[in-house]
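In case you want the letters, here they are:
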Amino acid sequence: MTTLATPSAPTVPGPVRGPRAARSATKPGSTSTRRGTAIAGVVAWVVALLFFFPVLWMVLTSFHSEPDAAGNPPKLFAPLTLDGYRTFFGAASGASPWPPLINSAEASVVSTLLVLCLAVPAAYALAVKPVRRWTDVMFFFLSTKMLPVVAGLLPLYIIAKQIGALDTMWYLILLYTAMNLPIAVWMMRSFLAEVPPALFEAASLDGAGIVRTLRSVVVPIASPGIAATALICFIFSWNELLLANTLTSTVAQTAPVFLTSFVTSQGLFLAKVSAAATVISLPVLIAGFAAQDKLVQGLSLGAVK
Amino acid sequence: MALTATPTLTGSVRPSFRARWLAKDGWVRRAPLLPALLFVIVLTQLPFVATLVISLMRWNSNYPDDIGFTGFSNFSKVFTDEHLRSAVFVTIEMTVVVVLVSLLLGLGVALLLNRHFFGRGIVRTLMIAPFLIVPVAAALFWKHGIYNPVYGLLNGLLTLVHGPQVDWITQYPRLAVDVQLIWQWTPFMMLILLAGLQSRPGEVLEAAAVDGASPWKVFRFITVPHLRRYLELGALLGSVYIVQNFDTVYTLTAGALGTANLPYQVYETLYSANDYGLASAQGVIVVIGSILIATFALRTVSTLFTEEVSR
């Protein structure tokens, strides 16, 4: 059958290459893609370890003794000790970190609960039975998030001074609630939009009012979404520095403000600083990994799934 | 009472009931929305209006008897004062450098993570970790644990290879700030771009594979056009956050050595100079910068959003 073989001869130089090329294009498991994936895997591991190394080094240093922590060259395998944590929590080293930690926990948890109380009904009105011009409302919420904190810092400071709200927890809690509300509304709307509307209609058929519908239908159905929203609001409140630094001093001082007392060097204190940074980051690390799958959605204000 | 929700009437529920259910418009339906709306307006919009007013005022708390309107003199002061002008440029430079570099690094890591290799989940988790360190804590540890000239990790590693000892923050203050921020923001970019990569239409990729498209062609003609909006989103959201960065500048350098950006400068003017009028004018300038970015950001979000809603 020479007539059949000739047309392919000019285009395919070797007898082997034709079928192999075709196979590599159709089957993803071919040798070249496998090698590519292996190389990608190695490179990804190297890059990830590079990015993770400062975190690892911070945690490791927090378990070293002060002289070992200050070693140059670095002592990777120095004996581990809890001294860094003891000096950090010990009253002997200055102010105790417990009041700021408790303040931070209070501000983050209470403001997150407030955010949910306001955001879930709002998201319901925007997602389930959308009010007129609901997209405009959504974008209004979003645009407030684009307004930097410094835009309102001074009036907030002056008002606080006038009404005696400086250095109080409740003022900080109110501001954190306003700060996170837009994110929460966006996230909750996208979660509620995924729920089949028939479920909400059934509740309405039973004659349930808005409060009962929210409490006995919306909250149970949307609880995974509520949890993810809560974790992200918690992280943002816990991390906040500018407002807390401006509006609190001793009574309502939060953990990030407390950390800034370590900004200037104080002799051998790296293990203590590392312990402090680790302790204060721990809640965020836990919340962040717990919300890992929804993290993008929250950070992109619900724009990305 | 015009029914804005008419398209949904084609649902499986009896139209008569559904129509009545949706028609129950007015304040009953708007009520759940109002508390949140009011809350946000009172606590974010009104203070900004106040800032706008104060920015036009002569108001220094050191001179409580001399308060009045001065027009735009605070604004001209921002642009004639050497320090303040430098703060404007530092803010721009910092935002552009950090966003671009972390976007490119994030894209690289996202492309790697989009393949199925051993331990992919662990790599993803390790990559996210820098973003989950409290910003102040991260900046604090970088300052003492990594950049410190005596016992920092960088000089420690240089000692191992008999390299020179460098006083990182003093010699390269802006680079030190930028690098620390890039380290924290690359995971953010990676997360957004990875989500973008994974939402690429499977049929198109399959068709490309069947047609024998090379990996480069797939990247150039399918991945890049699809990722464009995610790249924009990452860049814009990153800019919105980094323009307002205060924590890193405050912790790493306390605004010294030419690293003071506008948010830090606002804080400084408010605290050290007690010049309320000037601080407000600086705040207003930060807002104008943010609005420029935000306009584009909102447009990008809106494109993604309309697509999702119409789906």
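Parameters at a glance
- Residues numbered from 1 in each chain as written.
- Chains lettered and ligands numbered in written order.
- Predicted model: local features only at pLDDT ≥ 70, side-chain atom pairs only at ≥ 80, totals over all residues.
- Helix = DSSP H or I, 4+ residues; strand = E, 2+ residues; numbered from the N terminus.
- Rg over C-alpha atoms; globule rule 2.2 N^0.38 Å.
- Buried ≥ 20, exposed ≤ 12 C-beta atoms within 10 Å, placed from the backbone.
- Contact = placed C-beta atoms within 7 Å.
- Nonpolar A, V, L, I, M, F, W, Y, C, P; charged D, E, K, R; others polar.
- Axes fitted to C-alpha atoms, helices over the stretch in contact; angles between N-to-C directions.
- Parallel < 35°, antiparallel > 145°, perpendicular 65-115°, else oblique.
- Left-handed = near helix turned anticlockwise from the far one by under 90°.
- Expected span 1.5 Å × (residues − 1).
- Bend = angle between axes of the 7 residues up to and from the residue.
- pLDDT = per-residue confidence, 0-100.

A. Looking closely at the overall build of chain B. Check the secondary structure of chain B and you find 15 helices and 2 strands. The C-alpha radius of gyration of chain B comes to 25 Å, more than 25% above the 19 Å expected for a compact globule of 311 residues. Each principal axis of the C-alpha atoms in chain B carries an extent, and together these give about 70 × 65 × 30 Å. Going through the 311 residues of chain B one by one, you find that 41% of them count as buried. Sequence separation of at least 24 residues holds for 68% of the intrachain contacts in chain B that already meet a minimum separation of 6.

B. Layout of the overall build of chain A. When helices and strands are tallied, chain A shows 16 helices and 0 strands. Looking at the 305 residues of chain A, the share that counts as buried comes to 47%. Considering only contacts in chain A between residues 6 or more positions apart, those separated by 24 or more positions represent 77%.

C. Up close: the interface of chain B and chain A. Taken together, the 92 residues of chain B in the interface contact 93 residues of chain A. Sort the elements by how many residues they give to the side of chain B that touches chain A and helix H15 (residues 276–310) of chain B lands first, with 14 residues. Among the residues forming the side of chain B that touches chain A, the class breakdown is 68 nonpolar, 20 polar and 4 charged.

D. Representation of the environment of B:Trp142 in the model. Residues and elements named next belong to chain B. Mapped onto the secondary structure, Trp 142 falls in helix H7 (residues 135–146). Between the alpha carbons of Trp 142 and Val 301 there is a distance of 33 Å; along the sequence they are 159 residues apart. The contact partners of Trp 142, leaving out residues within four places of it in the chain, are Tyr 147, Gln 180 and Leu 252.

E. Structural detail: the packing of helix H9 (residues 169–193) of chain A against helix H12 (residues 223–239) of chain A. Residue and element names in this part refer to chain A. Between H9 and H12, whose axes approach to 10 Å, the crossing angle comes to 155°. When the axes of H9 and H12 are compared, the pair comes out roughly antiparallel. Crossing hand, H9 versus H12: right-handed. Across the interface between the two elements, Tyr 176, Met 179, Asn 180, Ile 183, Ala 184, Met 187, Met 188 and Phe 191 from H9 touch Gly 225, Thr 229, Ile 232, Cys 233, Phe 236 and Ser 237 from H12. Residue composition of the contact of H9 with H12, by class: 10 nonpolar, 4 polar and no charged.

F. Region of interest: unusual backbone geometry. Residues and elements named next belong to chain B. Although it is not a glycine, His 162 adopts a positive phi angle of roughly 55°. Looking at the element boundaries, His 162 is found in the loop between helix H8 (153–160) and helix H9 (168–171). Residue His 162 is classed as exposed on the basis of its C-beta count, with 6 C-beta atoms lying within 10 Å.

G. Main features of helix H10 (residues 173–198) of chain B. All names here are of chain B. Look at H10: 38 Å from first C-alpha to last across 26 residues, which is about the 38 Å you get at 1.5 Å a residue. At Trp 185, H10 shows its maximal kink, close to 35°; a proline, Pro 187, follows between one and four residues later. With 19 of its 26 residues buried, H10 lies for the most part within the structure.

H. A look at the confidence of the model for chain A. Chain-level pLDDT for chain A is 81 on average; 86% of the residues reach the 70-or-more range. Below a pLDDT of 50 lies the segment residues 1–28 of chain A, which in the model reaches 10 contacts outside its immediate sequence neighbourhood of four places, other chains included.

I. Local environment of the environment of A:Gly90. With respect to the secondary-structure elements, A:Gly90 resides in the loop between helix H5 (83–89) and helix H6 (98–127). Separated by 69 residues in the primary sequence, A:Gly90 and A:Ile159 place their C-alpha atoms 37 Å from one another.

J. Summary view of the environment of B:Ile192. Looking at where B:Ile192 falls in the secondary structure, it is placed in helix H10. What makes B:Ile192 buried here is the crowd of 27 C-beta atoms within 10 Å. Spatially, the C-alpha atom of B:Ile192 lies 9.8 Å from that of B:Leu103, the residues being 89 residues apart in sequence. Apart from residues lying up to four places away in sequence, B:Ile192 is in contact with A:Val296, A:Ser300, A:Val304, B:Tyr230, B:Leu233 and B:Gly234.

K. Representation of the packing of H9(A) against helix H3 (residues 34–55) of chain B. Relative orientation of the contacting elements H9(A) and H3(B) amounts to 125°, with a least axis distance of 9 Å. On the basis of the axis angle, H9(A) is oblique to H3(B). The way H9(A) lies across H3(B) gives a crossing that is left-handed. On H3(B), the residues that touch A:Leu174, A:Leu175, A:Thr177, A:Ala178, A:Leu181, A:Pro182 and A:Val185 of H9(A) are B:Ala36, B:Phe39, B:Val40, B:Leu43 and B:Thr44. Looking at the contact of H9(A) with H3(B) residue by residue, the classes come out as 10 nonpolar, 2 polar and no charged.

L. Focus on the confidence of the model for chain B. Residue and element names in this part refer to chain B. Confidence in the prediction for chain B averages 82 pLDDT; 90% of positions are at 70 or higher. Summarising per-element confidence for chain B, the mean pLDDT is lowest in helix H1 (residues 15–23) (54) and highest in H7 (93). Low confidence marks residues 1–13, where pLDDT is under 50. Its contacts with residues over four positions away, or in another chain, come to 14 contacts. What the predictor reports for the complex is a pTM of 0.83 with an ipTM of 0.82.

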